[in-house]
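Below are the chains, spelled out letter by letter.
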Amino acid sequence: MKYSAAITLVLLSTNLVIADDTFVWSGAYAGLQAGYGSGSSTYIVDIFPNLFIPYEPKGFFGGAYAGYNVEVKPGWIAGVEADLSAGGLESGRTTVLNPRPTHEFGHADIVWQGALRARLGYDAGRVLPFATAGLALATYQHSVENEYIYDGFNRTTLGWTIGAGFDYALTNRLIARAEYRFSDYGTDHYDRKFVGGALSHEVDLATQDVRIGLAYKF
């Protein structure tokens, strides 16, 4: 009995006991996240519009997030949040199509991605369903090569992101999360220089992912 009482006292003192049906969502929090994402990306040479590489980077990623919530109206929670992730969203050897496969191929890799977003949720006790939208940023590497040449490109690109999910207060301090996100980074244009001129090309990038997280509320 005395050990049970001691354990209960420790849990109460650290404020990690399971919350009741009400929960105060206002305040700061920070946590870790992990997920799986897939992307759609096409490389096109401007003067050869039928020649393209259908990059499809995909894989697992992990990172961190932090934010702050405030109750703006009874039942409504607004907030701002930033996140940063790195991982293995990449495509393997992808054959150039023209429209049939050629002897050239490419590779693509999302090195890291992050976002700065606004959130709006509804206070349903220990559950907070929310929608989110804001700016997205990613470093994207892609290449084109054959037996004679190798062209590699590395660009940090700005876009937008939108998503939805829910937070669940496991305890007075620990908050679990599940979320879906779609991000669009637009189209980047490049000039590949060579003797006598330059060859223009472009590549676009959009991603979608599902992620889970666990945060500590301060």
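This write-up is about the structure you can find in this document.

What counts and how
- Along each chain, residue indices are assigned from 1 in the same order as the chain's sequence is written.
- The model is predicted, so local features are restricted to residues of pLDDT at least 70 and side-chain atom pairs to those at 80 or more, both for listing and for counting; the totals for chains, interfaces and linings are taken over all residues.
- For side-chain calculations, the full set of non-hydrogen atoms in the structure is used, while hydrogens and water are omitted.
- Between Lys or Arg on one side and Asp or Glu on the other, a salt bridge is scored when a side-chain nitrogen of the former is within 4 Å of a carboxyl oxygen of the latter.
- Numbering of helices and strands runs from the N terminus, with a helix taken as a DSSP run of H or I at least four residues long and a strand as a DSSP run of E at least two residues long.
- Buried means the residue's accessible area, taken with a 1.4 Å probe over protein chains only, is under 20% of the maximum for its type, while exposed means over 50%, and partly exposed covers the values in between.
- Only the six-membered ring of Trp is used, alongside the rings of Phe and Tyr, when aromatic pairs are assigned; centres must lie within 6.5 Å, and planes under 30 degrees apart are stacked while those over 60 apart are edge-to-face, with the rest tilted.

Under the criterion given, the structure shown has 13 salt bridges. Arginine 177 is the salt-bridge partner of aspartate 167, the closest N and O atoms lying 2.9 Å from each other. Taken together, the residues span a long stretch of sequence, with aspartate 167 in strand S7 (residues 150-169) and arginine 177 in strand S8 (residues 174-194) at a distance of 10 residues. Per residue, the accessibility class of aspartate 167 equals that of arginine 177, and both read buried. Two residues, glutamate 179 and arginine 177, come together in a salt bridge whose shortest N-O distance is 3.8 Å. In this structure, glutamate 179 and arginine 177 share a single accessibility class: buried. One network of salt bridges, with partners in common, ties together Glu81, Asp83, Arg117, Arg119, Asp167, Arg177, Glu179, Arg181, Asp209 and Arg211.

The next thing to look at is the packing of aromatic side chains. Evaluation of the coordinates by the stated rule reveals six aromatic pairs. Between tyrosine 36 and phenylalanine 60, the ring centres sit 4.9 Å apart and the planes meet at 65°, which makes this aromatic pair edge-to-face. In this pair, tyrosine 36 is assigned in strand S1 (residues 27-45) and phenylalanine 60 in strand S3 (residues 58-73), connecting sequence segments 24 residues apart. Judged by its relative accessible area of 36%, tyrosine 36 is partly exposed. Accessibility expressed as a relative area gives 62% for phenylalanine 60, which makes it exposed. Centroid distance tyrosine 216 to phenylalanine 218: 5.5 Å. Interplanar angle 75°. Geometry classified as edge-to-face. Taking the relative accessible area as the measure of exposure, tyrosine 216 reaches 34% and is therefore partly exposed. Judged by its relative accessible area of 56%, phenylalanine 218 is exposed.

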